[in-house]
Amino acid sequence: MGNHAKNARHANAAVLAVGLALASVSGTVALAQENLFDNDGATTNERYAPTIWVDPDGCEHWVMDDGFEGYMSPHTNRQGIPVCNRGNVCGVMNTDQYFATNSYRLTAGGKQNLVNFFRTAKSRAYIIVGHTDSRASDEYNMTLSYNRANSVAAVAASVGAKIIDVRGYGERVPKVSNASAGGMAKNRRVEIICIR
Amino acid sequence: MTFVKTISVLGIVALLAGCEGGGGLVNTDKTIDYGFRSHHLSNMTAGIWIDPNGCDHWIIDDGYEGYLSQRLDPYGKPVCSEAGPPNTAVGPYKTTQTVSDTL
């Protein structure tokens, strides 16, 4: 562990201590606070078990019909990631085949592949998302993945494809473990999400 | 007279319950529309409503019930696909409804 990490841990401990102190102070104040549903009168504990509706992207939503009222909300996991039966990621580019190491300039062959892809793809719009493996710093990888995604988006736009978002997640959303060379190669990627 | 009125009001309530309320069935199973053409809620067709920020939501007009739920990409971010201008709805979102609903 480096000094920096140690300092950060000490800082966290200090923040936690302050937080606990505040919590004990607010604990006395909390007597005056109310719960969300305290004044609502009719407290019900009615069973509301939903079923699942699958949207045209293949993702699930909770849905209930209460007679006259209908309710619906996306089914996500606790991290906020939608639960989907199939993905709408329609292309995953292994960046080794499109960029030199540490570069975000497309190779001539890579550029031609992308031109062909976006000319034949029929989707109404696209989201481009860049990723790296876990080597180099987090900050460096965030920038590199974003720059690579932008390079892909520029080619797409040049042949008339509609790009609605471009993002770089660096090394933060690996597809597989970075423990092996093969795993790292799989994580070096740019994803093309097709929006119908 | 009052007795007749009471009877007819009860009759209407019973009728409404029969059409949409399911005579208490809804209380136990909220996964089915017990309306004029009973169907499981998983079989509904959606359109897209574009919110004032330009982002997509799935919209379904199922007769008496309306449903709205956010369209999310695989990372959980809103999809803002310019399917139409903000504050409009596009697509076949009224195809499941069997009740005339001019709104």
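Residues numbered from 1 in each chain as written. Chains lettered and ligands numbered in written order. Predicted model: local features only at pLDDT ≥ 70, side-chain atom pairs only at ≥ 80, totals over all residues.

Peer 1: Would you explain the overall build of chain A in this entry?
Peer 2: A count of helical and extended segments in chain A gives four helices and seven strands. When burial is assessed residue by residue, chain A has 28% of its 196 residues classed as buried. Within chain A, residue pairs in contact and separated by at least 24 positions form 62% of the contacts whose partners lie at least 6 positions apart. (Helix = DSSP H or I, 4+ residues; strand = E, 2+ residues; numbered from the N terminus. Buried ≥ 20, exposed ≤ 12 C-beta atoms within 10 Å, placed from the backbone. Contact = placed C-beta atoms within 7 Å.)

Peer 1: So what exactly am I meant to see when it comes to the interface of chain A and chain B here?
Peer 2: The figure often quoted for interface size is the accessible area lost as the parts come together. Chain A puts 36 residues into the contact, and the matching count from chain B is 30 residues. Here the residues of the side of chain A that touches chain B sort into 22 nonpolar, nine polar and five charged. (Nonpolar A, V, L, I, M, F, W, Y, C, P; charged D, E, K, R; others polar.)

Peer 1: Is there a simple way to explain the confidence of the model for chain A in this structure?
Peer 2: Residues shown with low pLDDT carry predicted positions that ought not to be read at fine detail. Across chain A, the average pLDDT comes to 86, with 80% of residues at 70 or higher. Taken as a whole, residues 13-23 of chain A scores under 50 in pLDDT and shows zero contacts with residues more than four places along the chain or in a different chain. (pLDDT = per-residue confidence, 0-100.)

Peer 1: Looking at this structure, how should I read the packing of helix H2 (residues 108-120) of chain A against helix H3 (residues 138-158) of chain A?
Peer 2: The packing of two helices is summarised by the inter-axis angle and the distance between the axes. All names here are of chain A. One way to put it is that H2 packs onto H3 with a least axis distance of 9 Å and a crossing angle of 50 degrees. Between H2 and H3, the angle falls in the class oblique. In this structure, the crossing between H2 and H3 has a hand that is right-handed. Across from Lys111, Leu114, Val115 and Phe118 in H2, the residues of H3 making contact are Val152, Val155 and Ala156. (Axes fitted to C-alpha atoms, helices over the stretch in contact; angles between N-to-C directions. Parallel < 35°, antiparallel > 145°, perpendicular 65-115°, else oblique. Left-handed = near helix turned anticlockwise from the far one by under 90°.)

Peer 1: Help me understand the pairing of strand E5 (residues 125-131) of chain A, please; the structure alone is not making it clear to me.
Peer 2: When a strand is regular, its side chains alternate between the sheet's two faces. All names here are of chain A. Taken across its seven residues, E5 has six buried, putting it largely inside the fold. With seven bridges connecting them, E5 and strand E7 (residues 189-195) associate as antiparallel partners. By the bridge assignment for E7, valine 129 is matched with glutamate 191. The pairing of E5 with strand E6 (residues 163-168) spans five bridges and is parallel. Each residue of the ladder has a partner; that of tyrosine 126, found in E6, is isoleucine 163. (Pairing = 2+ DSSP bridges.)

Peer 1: Is there a simple way to explain the environment of B:Pro52 in this structure?
Peer 2: Residues and elements named next belong to chain B. Relative to the elements of secondary structure, proline 52 occurs in the loop between strand E3 (47-50) and strand E4 (56-62). With 7 C-beta atoms counted inside 10 Å, the residue proline 52 sits in the exposed group. If we skip the residues at most four places from it in the chain, proline 52 touches Pro86 and Asn87.

Peer 1: Which parts of the structure should I look at to understand unusual backbone geometry?
Peer 2: One can expect most non-glycine residues to show negative phi and most peptide bonds to be in trans. In this model, A:Asn102 sits at a positive phi of 65 degrees, which is unusual for a non-glycine residue. In this fold, A:Asn102 is placed in the loop between strand E4 (89-94) and H2. Using a count of 9 C-beta atoms within 10 Å as the deciding quantity, one classes A:Asn102 as exposed. A positive phi is found at B:Glu82, a non-glycine position, where the angle reads about 55 degrees. Taking the number of C-beta atoms within 10 Å as the measure of exposure, B:Glu82 has 15 and is therefore partly exposed.

Peer 1: What is the right way to look at the sheet that holds E3(B) in this model?
Peer 2: The pairing of strands in a sheet happens through backbone hydrogen bonds and is either parallel or antiparallel. All names here are of chain B. As summarised here, the arrangement of the four strands in space is E5-E4-E3-E6, forming an open sheet in which the pairing is antiparallel. The open sheet is flanked by strand E5 (65-70) and strand E6 (88-90), the only strands paired with a single partner. Sheet twist, expressed as the mean angle between neighbouring strand axes with direction ignored, is 30 degrees. Relative to E4, E3 runs antiparallel, the two being bridged by four bridges. When the sheet's bridge partners are listed, tryptophan 49 is paired in E4 with histidine 57.

Peer 1: What is the right way to look at the nonpolar core in this model?
Peer 2: In a soluble, globular protein the nonpolar side chains are often hidden away together inside. A:Tyr126, A:Ile127, A:Ile128, A:Ala149, A:Val152 and A:Ala156 are the most contacted members of the largest nonpolar core, which totals 29 residues. Every element with two or more residues in this core is listed here: H2, E5, H3, E6 and E7 of chain A. Counting residues per element, this core draws most heavily on H3(A), which supplies six residues. In contact with A:Ile127, other than residues within four places in its own chain, are A:Ile164, A:Asp165, A:Ile193, A:Ile195 and B:Asp73. (Core = buried A, V, L, I, M, F, W, Y, C linked by C-beta atoms within 7 Å.)

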